[in-house]
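So you can see what is in the structure, the chains are spelled out below.
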Amino acid sequence: PVTPTLDCGSSVHSSLVGVDTRLSSECVALGLQRLSSDIRNTVGNIPMEWYKDFPHIGYNLDGKKIYKPIRNKDELDDFLDKMENPEYWRTVHDKQTGSDVVLSDDQVELVNRLQRGQFGDVNFNECEPMVEFFSSDVMIHPVTNRPADKRSFIPSLTEKEKVSKLVHAIKMGWIKPRRVEDDGRGRYYNLWASEDSSILARHKMHLPAPKIPLPGHHESYNPPPEYLFTDEERALWEQQDPADRKLPFVPRKYSSLRQVPAFSQFIHERFERCLDLYLCPRQRKMRVNVNPEDLIPQLPKPKDLQPFPTTRSLVYRGHSGLVRSISVSPSGQWLASGSDDGSVRFWEVCSSRCMKTVQVGGAVKSVAWNPNPSVCLLAVALDSVVLILSPSLADKQVILSSERLLSAQQEGEEPAEGNGSVVWSEAEGEELNQGLRLKIQHPKAVHQVVWHAKGDYLASVMPDNTSHLQVYIHQLSRRRSQNPFSRNKGLVQCISFHPIRPYFFVATQRSIRIYNLVKQEMTKKLQTNSKWISSMAVHPGGDHVICGSYDCKLSWFDLDLSTKPYKMLRHHKKAVRGVAYHRLYPLFASASDDGSVIVCHGTVYNDLLQNPLIVPVKVLRGHVMTHDLGVLDVTFHPTQPWVFSSGADATICLFT
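Along every chain, residues carry numbers that run from 1 in the direction the sequence is written. Local features are withheld for residues below a pLDDT of 70 in this predicted model, meaning they are given only at 70 or higher, and side-chain atom pairs are given and counted only at 80 or more; totals for whole chains, interfaces and linings count all residues. Side-chain metrics in this entry use all non-hydrogen atoms of the structure; hydrogen atoms and water are not considered.

1. Quick word on the overall build of the protein chain
Helix and strand assignments follow DSSP, with helices taken as H or I runs no shorter than four residues and strands as E runs no shorter than two, numbered in order from the N terminus. Each helix and strand in the protein chain was counted, giving 10 helices and 33 strands. Considering only contacts within the protein chain whose residues lie at least 6 apart along the sequence, 49% involve residues at least 24 apart. Using the Shrake-Rupley algorithm and a 1.4 Å probe, accessible areas are obtained, with residue cover drawn only from the displayed protein chains. When the accessible area of the protein chain is evaluated, it comes to approximately 42,100 Å², of which 52% is carbon and sulfur surface. Contact criterion: two residues are considered in contact whenever any of their non-hydrogen atoms come within 4.5 Å of each other.

What follows is the structure, given as structure tokens:
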């Protein structure tokens with residue numbers, strides 16, 4: 001084949017007859033320009049991408065590197081050049097030299113002729129007669145009988161040596177293969193372009209994206225009149241929050257489609273649609289046909305859990321103020337109550353008869369009957385004093401035992417003053433005749449008083465954040481008082497002794513701390529998840545605790561299970577004021593400001609692997625709401641399945 005040559009006038013020699021007219025005009029123009037300027041890149045017909053990591057782009061005829069020109073043009077510069085440069089249309093980029101080439105008029109004309117399928121030379125005659133260099137007749141002898149060269153069928157030793165040197169250099173690390181660039185940088189791709197329905201169908205949990213609902217009559221440019229907003233509907237639509245509106249736009253009516261403006265929320269709507277498609281998880285959930293009744297835990301029926309109180313049998317009337325606290329004697333025959341009218345009343349349980357009234361001269365916050373059946377004593381808390389009363393409502397042996405306990409102080413020993421803040425004194429005169437025996441003067445107002453199970457110790461609570469003197473424990477036989485805590489962590493609300501072990505429960509606003517009185521250390525801290533604890537009760541077995549709170553919650557704690565509530569009951573609609581356990585029966589009750597007492601069955605099993613069974617069995621109502629206060633205290637009868645409740649309506653109810 002004849003190599004085409006170009007003269008200085010950029011005219012193609014007549015030998016360019018066999019040029020393929022399908023070549024791109026850009027390649028032809030670059031070839032013409034490169035031959036005319038004699039800047040030749042000798043790398044050959046190779047992909048120029050091989051040189052993209054090097055500063056040069058090839059080699060010239062002298063073997064010197066052809067360096068890439070500095071190109072800092074981006075798409076914006078290219079666009080400005082396209083708008084401002086009049087020669088932009090005839091400028092092409094040469095990949096072999098990395099420079100921009102401006103084609104001349106003759107080169108542009110040559111390219112146009114080749115694109116039209118014509119010959120490059122204008123003077124070339126395509127119809128001239130063909131010159132036959134060889135005869136059409138088949139000759140006997142060949143034109144040449146030269147034998148084939150030896151190199152045509154034997155491998156080249158020179159090439160073999162070169163290849164072996166390159167392999168050795170690669171093995172030694174002298175020649176490093178080119179790095180493969182990550183083509184994914186800075187590229188935008190369609191997130192769902194590669195989704196194949198046949199592949200996705202194999203996944204059982206695949207769920208296709210939901211389609212946009214079709215437009216309705218509201219979105220028509222000429223909707224029916226009933227779909228247009230009235231003035232009231234439009235005002236209501238403007239007042240609503242955008243998330244609460246049924247329609248994101250106001251339907252409007254136009255006379256023709258030409259007058260419809262662009263939708264102002266179009267971009268925002270498309271953006272929200274894209275967010276829904278790739279941010280919202282879609283999962284196919286297998287529907288299980290389950291009977292709803294099977295999901296409810298199998299609890300026994302209330303009639304199978306009897307006995308428990310169901311009916312209001314007696315009402316104890318006589319107080320003129322709020323009855324804040326009640327307590328039942330260990331024998332179950334007598335009931336003591338303290339009220340804001342400044343009196344403590346003793347009732348006979350079976351007849352609701354008031355046997356005795358003691359005026360104490362202040363609003364009674366708490367009363368507690370001594371749990372020891374061998375004595376008959378009552379502790380009363382009012383203002384900053386704790387009174388010890390002997391109501392004499394028992395036989396002579398019990399009364400003598402009570403008096404012996406009160407006078408058991410050792411001879412020659414002065415009455416002790418706990419930390420110099422608590423003063424013990426004996427009642428005299430008229431107070432002694434009413435049954436008062438001892439006065440324990442505290443530095444601050446006392447809100448609660450509780451007895452130890454053996455009847456010799458009692459504890460009092462004085463809630464105050466500014467002082468560590470919030471809890472005192474008093475010993476009746478020695479008339480001694482002590483503050484068991486050097487400092488209190490929080491505002492103490494209520495306290496209780498463990499019925500069996502030497503443990504002491506202290507409830508603050510949000511937690512309950514359990515202290516070991518023998519080791520003098522905290523053993524456990526219960527987190528109630530309540531805002532403000534109001535009351536607390538310990539199970540007779542000692543392993544369970546219930547506490548009520550002012551945010552309508554009742555928490556049951558299993559001390560062997562966790563420090564968090566085992567069960568949280570939210571049956572009351574208002575604050576829970578009091579909680580109580582029954583000493584013999586598996587019952588517990590809660591009193592609330594909504595005027596109700598809820599009795600629940602709570603069975604505690606000896607098997608530690610079996611959780612307690614808690615079943616609400618009865619809602620008792622017998623008090624009238626007074627000044628937004630309902631039932632203030634609740635307690636059980638020691639032997640019978642009866643419950644007592646005191647309310648803000650100055651009455652006490654017995655439910656049997």
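2. Description of the packing of aromatic side chains
Any Phe, Tyr or Trp ring, taking Trp's six-membered ring, that has another such ring centre within 6.5 Å forms a pair; planes under 30 degrees apart are called stacked, those over 60 apart edge-to-face, and the others tilted. With the rule as written, the count across this model stands at 13 aromatic pairs. With a centroid separation of 6.5 Å and 85° between ring planes, the pair formed by phenylalanine 249 and phenylalanine 263 is classed as edge-to-face. Of this pair, phenylalanine 249 sits in the loop between helix H6 (231-239) and helix H7 (266-279) while phenylalanine 263 sits in the loop between H6 and H7; the two residues are 14 residues apart in sequence, bridging distant segments of the chain. Classification of residues uses two cut-offs on accessible area relative to the type maximum, computed with a 1.4 Å probe and protein chains only: under 20% is buried, over 50% is exposed, and between them is partly exposed. When its relative accessible area of 18% is taken as the criterion, phenylalanine 249 is described as buried. Between the aromatic rings of tyrosine 316 and phenylalanine 644, the centroid separation amounts to 6.4 Å while the plane-to-plane angle is 50°, which identifies the pairing as tilted. In this pair, tyrosine 316 is assigned in strand S5 (residues 312-317) and phenylalanine 644 in strand S32 (residues 643-647), connecting sequence segments 328 residues apart. By the burial criterion, tyrosine 316 is buried, and phenylalanine 644 matches it. Members of the aromatic cluster, each reached through a chain of ring pairs, are Phe485, Phe497, Phe504 and Tyr515. Here, over-ring charges are defined by two tests on the NZ atom of lysine or the CZ atom of arginine: distance to the ring centre within 6 Å, and angle to the ring normal within 35 degrees. Stacked on the ring of tryptophan 237, the Lys or Arg arginine 245 has its end atom at 4.0 Å from the ring centre. The ring of tyrosine 566 has lysine 567 lying over it, and the distance from NZ or CZ to the ring centre is 5.5 Å.

3. Overview of the sheet that holds strand S31 (residues 631-636)
Taken together, 4 strands build an open sheet; the order of strands is S5-S33-S32-S31 and the sheet is antiparallel. In this open sheet, the two edge strands, each paired with only one partner strand, are S5 and S31. Averaged over all pairs of adjacent strands, the angle between strand axes in this sheet comes to 20°, irrespective of strand direction. Relative to strand S33 (residues 651-655), S32 runs antiparallel, the two sharing 4 bridges. Across the sheet, the residue bridging to phenylalanine 644 is leucine 654, located in S33. If DSSP finds at least two bridges between two strands, the strands pair. Helix axes are fitted to C-alpha atoms over the stretch in contact, other axes to C-alpha atoms as well, and angles between N-to-C directions run from 0 to 180 degrees.

4. Here we look at the layout of surface pockets
Taken as a whole, the second largest pocket spans an internal volume of roughly 1,200 Å³. Definitions used throughout: a 1 Å grid over protein atoms alone; a cavity as a set of points that fits a 1.4 Å probe which cannot get out; a pocket as an open set with protein on both sides within 12 Å along at least five of seven lines; a lining residue as one with an atom within 4 Å of a point. Forming the boundary of the second largest pocket are 30 residues, of which Glu219, Pro248, Phe249, Phe263 and Glu269 lie nearest the centre. Contributing elements (two or more residues each) for the lining of the second largest pocket: H6 and H7. Here the lining of the second largest pocket takes 7 residues from H7, the largest share from any one element. Only Asp, Glu, Lys and Arg are considered charged, only Ala, Val, Leu, Ile, Met, Phe, Trp, Tyr, Cys and Pro nonpolar, and every remaining residue, Gly among them, polar. When the residues that make up the lining of the second largest pocket are grouped by side-chain class, the tally is 17 nonpolar, 5 polar and 8 charged. Grid points are joined across faces, edges and corners, and a volume is the space filled by probe spheres set on the points.

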